Amino acid sequence: MTTVRDVRAMAGDERITMLTAYDAATASIVEEAGIDVVLVGDSMGNAVLGYDDTLPVTLDEVASRVGAVARGTDEALVVADMPFLSFGADVAESVENCGRMLKEEGANAVKLESGPHTVELTERLSDLGIPTMAHLGLTPQSVNQTGYTQQATDREEATEILELAEAHEAAGAFALVLEHVPTNLAAQVTEAVDIPTIGIGAGGECDGQVLVFTDVVGLAASSPPFAAQFGDARAEIHDAVSDYVDAVRAGEFPAEEHGSAEEELDDLY
Ligand code: KIV
């Protein structure tokens, strides 16, 4: 079973693979395919729950999906992505919400969309035995302030990211997601910190990469410019379902082997 220590030890040595999953069946496939870290992302909002963004995703929705993913995996590290306003406003409530993911749902760690307001919380969580992954750059829960554009494109913002990365490392974060920032900034952050950086739209110099499952397999209706599609699951699912529809309409399904009769029930009517 992969631990946060294993993930930390991979920095600079072996590239870390991380992918989202939101249910047990998908998580088991993702793990079988060799993914090191399964993120139960709040991207579930857009990816599978039908919301326009991640803001409406609730703690209960994430908890239910974290439990499913934890039950569907044996080896991968399972990280619960804490949804909007489930952390940050009140320390005790934040600790309780993050702790629930480990205590009740079987996660191994939590991820917080980070900023100056999460440094102290990261330290508190680490002290309490709740491994925390930080997330800097584009943080979709702040979409109303930042939009979805590339972040930290000027020196001032880039320096702030660098300093926040160091502050979160000092506070005990075991890894750091860098989303949609210039590749040369991500490379310098990776150089500056000892914890692994995991990039998404941040170039190839990070210690690992993360993407959203539905983008990777080709299930998403639309994907961000930095995502890559490695399959066409949408077409495959469409074909399987339309074959099923045709078989039912043609009377070809179910066939005899899909049911069984009981002789003594023949003359009921
Ligand atoms: O919610 C999510 O899936 C994420 C990743 C894109 C990093 O935060």
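Cut-offs used in this document
Residues numbered from 1 in each chain as written. Predicted model: local features only at pLDDT ≥ 70, side-chain atom pairs only at ≥ 80, totals over all residues. Heavy atoms only, no water. UniProt positions renumbered as here; feature names shortened; annotations may be inferred. Patch = residues over 30% accessible without salt bridge, like charges linked within 9 Å, V, L, I, M, F, W, Y side chains within 5 Å. Areas by Shrake-Rupley, 256 points an atom, 1.4 Å probe, with all protein chains shown as cover. Salt bridge = Lys/Arg side-chain N within 4 Å of Asp/Glu carboxyl O. Lys, Arg positive; Asp, Glu negative; His and termini not counted. Charge placed at Lys NZ, Arg CZ, Asp CG, Glu CD. Helix = DSSP H or I, 4+ residues; strand = E, 2+ residues; numbered from the N terminus. Axes fitted to C-alpha atoms, helices over the stretch in contact; angles between N-to-C directions. Parallel < 35°, antiparallel > 145°, perpendicular 65-115°, else oblique. Left-handed = near helix turned anticlockwise from the far one by under 90°. Contact = heavy atoms within 4.5 Å. Nonpolar A, V, L, I, M, F, W, Y, C, P; charged D, E, K, R; others polar. Expected span 1.5 Å × (residues − 1). Buried < 20%, exposed > 50% of the residue type's maximum accessible area, 1.4 Å probe, protein only. Arc of directions from axis to C-beta. Polar contact = N/O pair within 3.5 Å; in protein donor to acceptor, adjacent residues only side chain to side chain. Near = heavy atom within 4 Å. Phe/Tyr/Trp six-rings, centres within 6.5 Å; stacked < 30°, edge-to-face > 60°.

- With an unreviewed UniProt entry as reference, the protein is termed 3-methyl-2-oxobutanoate hydroxymethyltransferase, source organism Haloarcula nitratireducens.
- UniProt, in the comment section headed Subunit (unreviewed entry), describes the protein in these words: "Homodecamer; pentamer of dimers."
- UniProt annotates the protein under Subcellular location (unreviewed entry) with the comment "Cytoplasm".

Details of a negative patch on the surface
Alright, step 1. A surface patch of like charges, here negative, comprises Asp154, Glu156, Glu157, Glu160, Glu163 and Glu166.
Alright, step 2. By the secondary structure assignment, glutamate 163 is in helix 8 (residues 155-171).

Looking at the packing of helix 5 (residues 91-103) against helix 6 (residues 119-127)
Relative orientation and spacing of two packed helices are given, respectively, by the angle between their axes and the distance between those axes.
Alright, step 1. Running from amino to carboxyl end, helix 5 crosses helix 6 at an angle of 50 degrees, the nearest separation of the two axes being 11 Å. One way to sum up the angle between helix 5 and helix 6 is to call them oblique. Read as a crossing pair, helix 5 and helix 6 show a hand that is right-handed. In this structure, helix 5 uses Val91, Ser94, Val95 and Cys98 to contact helix 6, whose residues at the interface are Leu121, Arg124 and Leu125.
Alright, step 2. Broken down by class, the residue content of the contact of helix 5 with helix 6 amounts to 5 nonpolar, 1 polar and 1 charged.

Topic: helix 8
Alright, step 1. In a regular helix each residue adds 1.5 Å, so 17 residues correspond to 24 Å; helix 8 covers 24 Å between its end C-alpha atoms and thus fits that length.
Alright, step 2. When we look at burial in helix 8, the residues that qualify are Ala158, Ile161, Leu164, Ala165, His168 and Ala171. Seen end-on, helix 8 carries its buried residues on one side only, within an arc spanning 145 degrees. Exposed side chains of helix 8 directed beyond 90 degrees from the buried face belong to Arg155, Glu156 and Ala170.
Alright, step 3. Looking at the buried residues of helix 8, the elements they touch are helix 6, strand 5 (132-137), strand 6 (175-179) and helix 9 (183-192).
Alright, step 4. At the N-terminal boundary of helix 8, the capping side chain belongs to aspartate 154, with an oxygen 3.2 Å from the backbone nitrogen of glutamate 156.
Alright, step 5. The first or second residue beyond helix 8 is glycine 172, which carries a positive phi of 110 degrees.

Some thoughts on the site of the ligand
Alright, step 1. Taken together, Thr20, Leu39, Gly41, Asp42, Ser43, Asp81, Lys111, His135, Val177, Ile200 and Val212 make up the full set of residues near the ligand.
Alright, step 2. The contact in question runs from an oxygen atom of the ligand to an N or O atom on the side chain of aspartate 42, over 2.9 Å.
Alright, step 3. Contact distances for the ligand include 2.5 Å between an oxygen atom and a side-chain N or O atom of serine 43.
Alright, step 4. Coverage of the ligand by the protein chains reaches 95% of its 260 Å² of free accessible surface.
Alright, step 5. Along the lines of polarity and charge, the residues of the shell around the ligand split into 4 nonpolar, 4 polar and 3 charged.

So, the packing of aromatic side chains
For any pair of aromatic rings, the description rests on two quantities: the centre-to-centre distance and the angle between the ring planes.
Alright, step 1. The final tally for this structure, using the stated rule, is 1 aromatic pair.
Alright, step 2. Ring geometry for tyrosine 244 and phenylalanine 253: centres 6.0 Å apart, planes at 65 degrees, overall edge-to-face.
Alright, step 3. For tyrosine 244, a relative accessible area of 48% translates into the label partly exposed.
Alright, step 4. Relative accessible area serves as the criterion here: at 35%, phenylalanine 253 is assigned to the partly exposed category.

Some details on the pattern of salt bridges
Alright, step 1. Applying the stated criterion across every chain, the model contains 3 salt bridges.
Alright, step 2. We note a salt bridge from lysine 111 to aspartate 81, for which the minimum N-O separation is 2.9 Å. Taken together, the residues span a long stretch of sequence, with lysine 111 in strand 4 (residues 109-113) and aspartate 81 in strand 3 (residues 77-81) at a distance of 30 residues. As far as burial versus exposure is concerned, lysine 111 and aspartate 81 are alike and both buried.
Alright, step 3. Between arginine 100 and glutamate 104 there is a salt bridge whose closest N-O contact spans 3.7 Å.

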